[in-house]
Amino acid sequence: MKKVNLLYDATIVCNIMAKNSSRSGIFFVAYNVLLEFLKRPEYEVYLYADDLIKLRQIVKTCPEFSNCKIYKFSFLQEWVAFFRNLKNENKLNNGSSFLRGIYGLTASILKKCYILSENSTKLNEIDAYFSPMNAVPVVIRRNKHIKCYTILHDVIPIAEECKHLAWESKWFHKLLKSINKEDFYFANSEFTKRDFLKYVPNINPANISVIPLSTGKPYEKIADKIELNRIREKYNIPFGKKYIFSLCSLNPRKNLLFSIRNFLKFIEKNNLDDFVFVLGGAYFDDFREVFNDKLKEFGNIEDKILQIGYVDDEDLSALYSGAEMFLFMSLYEGFGMPVLEAMNCGLPVICSNCTSIPEVIGDCGIQVNPHSDEEMVSALEKMYFDREFRNSCVEKGIERAKLFTWEKCADIIDNKITEAAHV
């Protein structure tokens, strides 16, 4: 059987070494779907990325990608990658106007010269192009024999209910312009599918499929007290105190001030002095100052709210496992991966009752109106004081989490690629 030559956009996978907000849910989708393709003998996978220098680095340093083949569209892309690297290191801005001019000219020529490589043997042999988030490049679009597949995550920058939370997103608007009725798309939830059909009429409804996502890494319940204590010490979580855990990138959409306000109401109402709120996740820089200023309005709460920042992947299972409950009161999610991670680790979840999150949690936790203080405090009391209910959520959550695997996700994608190949 002839292998499918698949060109995979690994641009976001190049963030694998980062320890900031660029390693969010979308990164883990791109990373894990790629790993699934690499396991399947029916695919010959070629990697493409905007930054060839960074791509070569991860192929060289990450064992899981050591046998991957790198694809480049033209030699001019090498030049752009070289100058982009200088720019990222601030060497270009501080350098001569001659270097800056060469970079601008090369980038401009590259956009116009993609067509020079469209008849190359290698590109002619590519059967499918897969993008985990970005618009399909012009050079691929011009090769009509290549079938294109893209994962759709959310419509945050244009959705009416969250426009006030969105920031300018160039890659997203570029994606919107590229969407058409011939390409194939995968939505990360039924909610995301409905949203794209609502806001982007260029999509053919027959060409969009829903894929179940899974967790960023394989997380599990940790019972080892030595490991749980090590994590407490590493992240300065007080010994002898219980903690609520929340993990997300710190931006307005995550509704963190709502969660913190109602946690403080909950512990004050019930006179709980042995409880703290542990908040993990990288900051969006333009929100850090606003967030910290708002926290000050709650008074002297430094001993109640612990911001531990970015959490290493290998520490997450223990952080989840050591907590009393997990809070995820986001106002808008395309999927809601942290909810699934918490369930995998046997941690009961209180989450929003909106957008895609109910599809993940099912009946395994408490869903709350993310604008209702009364519902939030009531949910915290129910989960904390009703141990029988809490234990039921834990058991059901562990079982439900087993329904979400990257293998199932890749099977749906694989079936669509195979289907299209025989049309």
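Participant: Let's hear about the overall build of the protein chain: which residues, and what values?
Facilitator: A count of helical and extended segments in the protein chain gives 17 helices and 13 strands. For the protein chain, with 423 residues in total, the buried portion stands at 55%. Put simply, the protein chain shows about 19,600 Å² of open surface, and 52% of that area lies on carbon and sulfur atoms.

Participant: Explain the packing of helix H15 (residues 373-385) against helix H16 (residues 387-401) to me, using residue names and the numbers behind them.
Facilitator: To characterise two packed helices, one gives the angle between the axes of the helices and the distance between these axes. Where H15 meets H16, the closest approach of the two axes is 5 Å, and the angle between their N-to-C directions is 90°. Classified by the angle between their axes, H15 and H16 sit roughly perpendicular to one another. Across from Lys382, Met383, Tyr384 and Phe385 in H15, the residues of H16 making contact are Arg387, Phe389, Arg390 and Cys393. Its residues assigned to classes, the contact of H15 with H16 shows five nonpolar, no polar and three charged.

Participant: Report on helix H7 (residues 170-178), specifying residues and quantitative values.
Facilitator: Within the span of H7, buried status applies to Phe172, Leu175, Leu176 and Ser178. The buried residues of H7 occupy one face: seen down the axis, they fall within an arc of 165°. Exposed and oriented more than 90 degrees from the buried face of H7 are Lys170, Lys174 and Lys177. For H7, the secondary structure elements touched by its buried residues are helix H6 (138-141), strand S5 (147-152), strand S6 (184-187) and helix H8 (190-199).

Participant: Lay out the packing of aromatic side chains in plain terms, naming residues and giving numbers.
Facilitator: Two aromatic rings are characterised by how far apart their centres lie and by the angle between their planes. Enumeration according to the criterion identifies 25 aromatic pairs in this entry. Ring centres 5.0 Å apart and planes at 75° place the aromatic pair Phe37 and Tyr43 in the edge-to-face group. Each member of the pair Phe37 and Tyr43 is classed as buried. Geometrically, the ring pair formed by Phe275 and Tyr384 is tilted, given 5.2 Å between the ring centres and 40° between the ring planes.

Participant: I'd like a rundown of unusual backbone geometry, residues and numbers included.
Facilitator: One non-glycine residue, Asn255, lies in positive phi territory at about 60°. Along the chain, Asn255 falls in the loop between strand S8 (242-247) and helix H10 (256-269). Under the relative-accessibility criterion, Asn255 is labelled buried at 13%. Even without a glycine there, the phi angle at Asn271 is positive, about 55°.

Participant: Kindly report on the pattern of salt bridges, identifying the contributing residues and their values.
Facilitator: According to the stated counting rule, one finds 23 salt bridges in the structure shown. Residues Asp127 and Lys2 are paired through a salt bridge, measuring 3.3 Å at the closest nitrogen-oxygen approach. Taken together, the residues span a long stretch of sequence, with Asp127 in the loop between helix H5 (121-124) and strand S4 (128-131) and Lys2 in the segment before strand S1 (4-9) at a distance of 125 residues. Using a relative accessible area of 27% as the deciding quantity, one classes Asp127 as partly exposed.

Participant: Describe the environment of Ile417, naming the residues involved and giving the relevant values.
Facilitator: Within the secondary structure, Ile417 is located in helix H17 (residues 406-421). Expressed as a C-alpha distance, the spacing of Ile417 and Cys148, which sit 269 residues apart in the sequence, is 9.1 Å. Apart from the residues lying within four places of it in its own chain, the contact partners of Ile417 are Val4, Leu6, Phe37, Tyr43 and Tyr149.

Participant: Outline the nonpolar core, supporting the account with residue identities and numerical values.
Facilitator: Counting residues in hydrophobic clusters, the biggest one holds 110 residues, and the most contacted among them are Tyr8, Val33, Phe37, Phe65, Phe130, Phe245 and Ile350. If one sorts the elements of this core by residue count, helix H1 (residues 25-39) sits on top with nine residues. Ranked by size, the runner-up nonpolar core spans 18 residues in total, among them Ile158, Ala159, Ile179 and Phe191.

Participant: Explain the side chain of Asn134 residue by residue, including any values.
Facilitator: Summarising the element assignment, Asn134 is placed in the loop between S4 and H6. Classification of Asn134 as buried rests on a relative accessible area of 17%. Here Asp9 takes part through its side chain, which lies 3.4 Å from a polar atom of the side chain of Asn134. Non-local contacts of Asn134, meaning those with residues more than four positions away in its chain, are made with Asp9, Thr11, Thr150, Trp171 and Leu175.

Participant: So what's going on with the sheet that holds strand S12 (residues 349-352)? Residues and values would help.
Facilitator: Within the open sheet, the six strands sit side by side as S10-S9-S8-S11-S12-S13. Their pairing is parallel. Each edge of the open sheet carries a strand with a single partner, namely strand S10 (305-309) and strand S13 (366-368). For this sheet, the mean angle separating the axes of adjacent strands, direction not counted, is 25°. Direction of pairing for strand S9 (residues 275-280) relative to S10: parallel, over a ladder of four bridges. By the bridge assignment, Phe277 is partnered in S10 with Ile305. The sheet contacts of helix H13 (residues 337-344) involve S8, strand S11 (325-328) and S12, and relative to S11 the element is tilted by about 175°. Here H15 sits on the sheet and contacts S8, S9, S11, S12 and S13; the angle it forms with S13, its principal contact strand, is near 170°.

Participant: Please provide a residue-by-residue account of the environment of Leu175, values included.
Facilitator: With respect to the element layout, Leu175 can be found in helix H7. Placed 25 residues apart in sequence, Leu175 and Thr150 show a C-alpha to C-alpha distance of 9.5 Å. Not counting residues up to four positions away in its chain, the partners in contact with Leu175 are Met133, Asn134, Ala135, Thr150 and Leu152.

Participant: How would you summarise the pairing of S4 if you had to cite specific residues and measurements?
Facilitator: Residue alternation in S4 divides its side chains into two sets, Ala128 and Phe130 and Tyr129 and Ser131, and both sets are buried. The pairing of S1 with S4 spans three bridges and is parallel. Considered in S4, the bridge of Leu6 is made with Ala128.

Procedures and definitions
- Residues numbered from 1 in each chain as written.
- Predicted model: local features only at pLDDT ≥ 70, side-chain atom pairs only at ≥ 80, totals over all residues.
- Heavy atoms only, no water.
- Helix = DSSP H or I, 4+ residues; strand = E, 2+ residues; numbered from the N terminus.
- Buried < 20%, exposed > 50% of the residue type's maximum accessible area, 1.4 Å probe, protein only.
- Areas by Shrake-Rupley, 256 points an atom, 1.4 Å probe, with all protein chains shown as cover.
- Axes fitted to C-alpha atoms, helices over the stretch in contact; angles between N-to-C directions.
- Parallel < 35°, antiparallel > 145°, perpendicular 65-115°, else oblique.
- Contact = heavy atoms within 4.5 Å.
- Nonpolar A, V, L, I, M, F, W, Y, C, P; charged D, E, K, R; others polar.
- Arc of directions from axis to C-beta.
- Phe/Tyr/Trp six-rings, centres within 6.5 Å; stacked < 30°, edge-to-face > 60°.
- Salt bridge = Lys/Arg side-chain N within 4 Å of Asp/Glu carboxyl O.
- Core = buried A, V, L, I, M, F, W, Y, C linked by side-chain atoms within 4.5 Å.
- Polar contact = N/O pair within 3.5 Å; in protein donor to acceptor, adjacent residues only side chain to side chain.
- Pairing = 2+ DSSP bridges.

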